Amino acid sequence: MPLHPDLRDPRLFKESAYVDGHWIAADNGATFAVENPATGAVIAQVAALEAAETARAIAAAEAAWPAWRERPAAERAVLLERWYALMLEHQNDLALLMTLEQGKPLGEARGEIAYGASFVKWFAEEARRAYGDILPAPTRDRRVLVLRQPVGVAAAITPWNFPNAMITRKAAPALVAGCPVVIKPSDLTPLSALALAELADRAGFPPGVFNVLTGMPAGIGGELTGNPAVRKLSFTGSTRIGQLLLAQCAATVKRTSMELGGNAPFIVFDDADLDLAVAGVLQSKFRNAGQTCVCANRILVQDGIHDRFAERLTAEAAKFKVGNGLETGVTLGPLINRQAVDKVARHVDDALTQGARALFGGLPSGHDQFVIPTVLTGATADMLLASEETFGPVAPLFRFRDEAEALALANATPYGLAAYYYTQDLRRAWRVGEQLDFGMVALNTGTLSMEVAPFGGVKQSGLGREGSHLGLDEYLEVKAWHLGGLD
């Protein structure tokens, strides 16, 4: 029986892990339940792998590496182009699987499939551009060359909030660079990863080149970080878990990419285009019900525009329709689990207790994992939502007087992933953009995630970059090659 009657290709629904070109169960037969966050219904029982199966997947990837790295980049690119075409061909089914396991509205899920596929297309084209260099030598009898060669087996640990795009953003550059991949998706959303594995199999990737391990983090993660055959680890998730993974990778000195927590400021100056700024908050804050690492966590609004901005934002927030992402017209789905709802409630309660005022919302909906969009005014730096990621549809407004105060408030965080600001003053635009201590800065727009631009943070928000040509460099080692005796 198919997972859902609207799933056109039932073969995309998988409950087994994918290792060395085969669909496998756990050695001990263990499984774990995957639940629909909108209904609480169990929609799958997926194989719960442990360290032993992980070690075999790593060994398969290592065995596949010599042939894969020797394959011409153009041939690797052809396979990625096939994978990309299959994603678009099955966009509706992939979106349906995502909504069922993650909760975001179906239209938003379709958008993520297109977004995720864009990385595969981009890096398929970048495969031909892993250039080397010839350096001017200091003597006549010497030549100095620089080669860029694949790192080796690459592991990826991906989150539940973007269960498709966070895989393609890591796997595509690794694959075109010549690195086999071993992917550990979130145990909350493994179905999207397994569907991508099915499409990779159809695209013709050789056995061992693309592997997906499902299960709880401890057994799998420990093997990925401890096994010396894994030469690179990429992780997207919380700063706390990233710190643990970095410590575990130290023993084998792995290369790492870490896309960690954020605390994004969204600054609206008095001279901002009000319509543009409100639209930007709606894009940044409420996408995926506020469950993104780059969403606006602190909305800083200057005195002169504050009240008008609050009124307009409140009116727009009231237009969201909260519900099951499969229902027509729903624009805001559930949070991923009860722990997420409890955190949002704790942040809102703390803010209200300390003097904030709810212009709209202010409390969970009372129905399981659905939360009403909330707009708060009177937020201050002492509140929990000022220092912690809320990861929910709560828009707290902080009032500020001048540019200096705005910058001080914005930078007063150990995180540095994304920042947004709105102004029509060209001089201010340059000053503020250069002084914001974040890896990504957006002027007069609420979006900054795309395949052509580098994505990543500074400070405790992480290491390395994904997307753009810099994303390919993360999977290439630089080799200096000295040729002597040529005179």
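Treat the numbers as computed from the prediction; the structure is a model and nothing was measured. (Residues numbered from 1 in each chain as written. Predicted model: local features only at pLDDT ≥ 70, side-chain atom pairs only at ≥ 80, totals over all residues. Heavy atoms only, no water.)

## Here's the deal with empty space enclosed by the protein
Thought 1: In the structure shown here, the tally under the stated rule is four cavities of 30 Å³ or more.
Thought 2: There is about 90 Å³ of room inside the largest cavity.
Thought 3: For the lining of the largest cavity, the residue count by class is six nonpolar, three polar and three charged.
Thought 4: In this structure, the second largest cavity occupies an estimated 50 Å³ of space.
Thought 5: As for the second largest cavity, its lining consists of S257, M258, E259, F455, G456, L463, G464, R465 and E466.
Thought 6: Considering each element in turn, the lining of the second largest cavity owes the most residues, three residues, to strand β11 (residues 255-259).
Thought 7: A breakdown of the residues in the lining of the second largest cavity according to their chemical character gives three nonpolar, three polar and three charged. (1 Å grid on protein atoms, 1.4 Å probe; cavity = no way out; pocket = protein on both sides within 12 Å on 5 of 7 lines; lining within 4 Å. Points joined across faces, edges and corners; volume = space filled by probe spheres on them. Nonpolar A, V, L, I, M, F, W, Y, C, P; charged D, E, K, R; others polar. Helix = DSSP H or I, 4+ residues; strand = E, 2+ residues; numbered from the N terminus.)

## A short note on the environment of A26
Thought 1: Looking at where A26 falls in the secondary structure, it is placed in the loop between β2 (22-24) and β3 (31-35).
Thought 2: Sequence spacing of A26 and A47 is 21 residues, and the spatial spacing of their C-alpha atoms is 5.5 Å.
Thought 3: Once residues within four sequence positions are removed from consideration, A26 is found in contact with A47, A48, L49 and E53. (Contact = heavy atoms within 4.5 Å.)

## Side note on the packing of aromatic side chains
Thought 1: Taken as a whole and judged by the stated rule, the model has eleven aromatic pairs.
Thought 2: Seen from their ring centres, W83 and F205 are 5.7 Å apart, and the 85° between their planes marks the pair as edge-to-face. Linking W83 in helix α2 (residues 73-89) with F205 in the loop between α6 (190-203) and β9 (210-212), this pair joins segments that are 122 residues apart in sequence. An identical accessibility class is assigned to W83 and F205; each is buried.
Thought 3: Put simply, the rings of W68, W83, F205 and F210 pair up and form one aromatic cluster.
Thought 4: Taking NZ or CZ as reference, R69 lies 4.0 Å from the ring centre of W65, over its face.
Thought 5: We note K459 situated over the ring of F438; from NZ or CZ to the ring centre the distance is 5.7 Å. (Phe/Tyr/Trp six-rings, centres within 6.5 Å; stacked < 30°, edge-to-face > 60°. Buried < 20%, exposed > 50% of the residue type's maximum accessible area, 1.4 Å probe, protein only. Lys NZ or Arg CZ within 6 Å of the ring centre and 35° of its normal.)

## Side note on the nonpolar core
Note that soluble globular proteins tend to have their nonpolar side chains buried in a common cluster.
Thought 1: Judged by nonpolar contacts, the single largest core of 67 residues is most densely connected at W83, L175, F205 and F210.
Thought 2: Within the second largest apolar cluster, 64 residues are counted, among which are A264, F309, V341 and L385. (Core = buried A, V, L, I, M, F, W, Y, C linked by side-chain atoms within 4.5 Å.)

## Regarding the packing of α2 against α6
Thought 1: Where α2 contacts α6, the two axes come as close as 9 Å, and the packing angle between them is 130°. Here α6 runs oblique to α2, going by the angle between their axes. The crossing of α2 and α6 is right-handed. Residues L79, R82, W83, L86 and M87 of α2 form the contact with α6, whose own contacting residues are L196, L199, A200, R202 and A203.
Thought 2: Each residue belonging to the contact of α2 with α6 can be placed in one class, and the counts come to eight nonpolar, no polar and two charged. (Axes fitted to C-alpha atoms, helices over the stretch in contact; angles between N-to-C directions. Parallel < 35°, antiparallel > 145°, perpendicular 65-115°, else oblique. Left-handed = near helix turned anticlockwise from the far one by under 90°.)

## Side note on the environment of F162
Thought 1: Within the element layout of this structure, F162 appears in the loop between β7 (153-157) and α5 (165-177).
Thought 2: Each C-alpha atom of the pair F162 and E198 lies 18 Å from the other, and the pair is 36 residues apart in sequence.
Thought 3: Beyond its immediate stretch of four places on either side in the chain, F162 contacts K104, E112, R287, N288, Q291 and T292.

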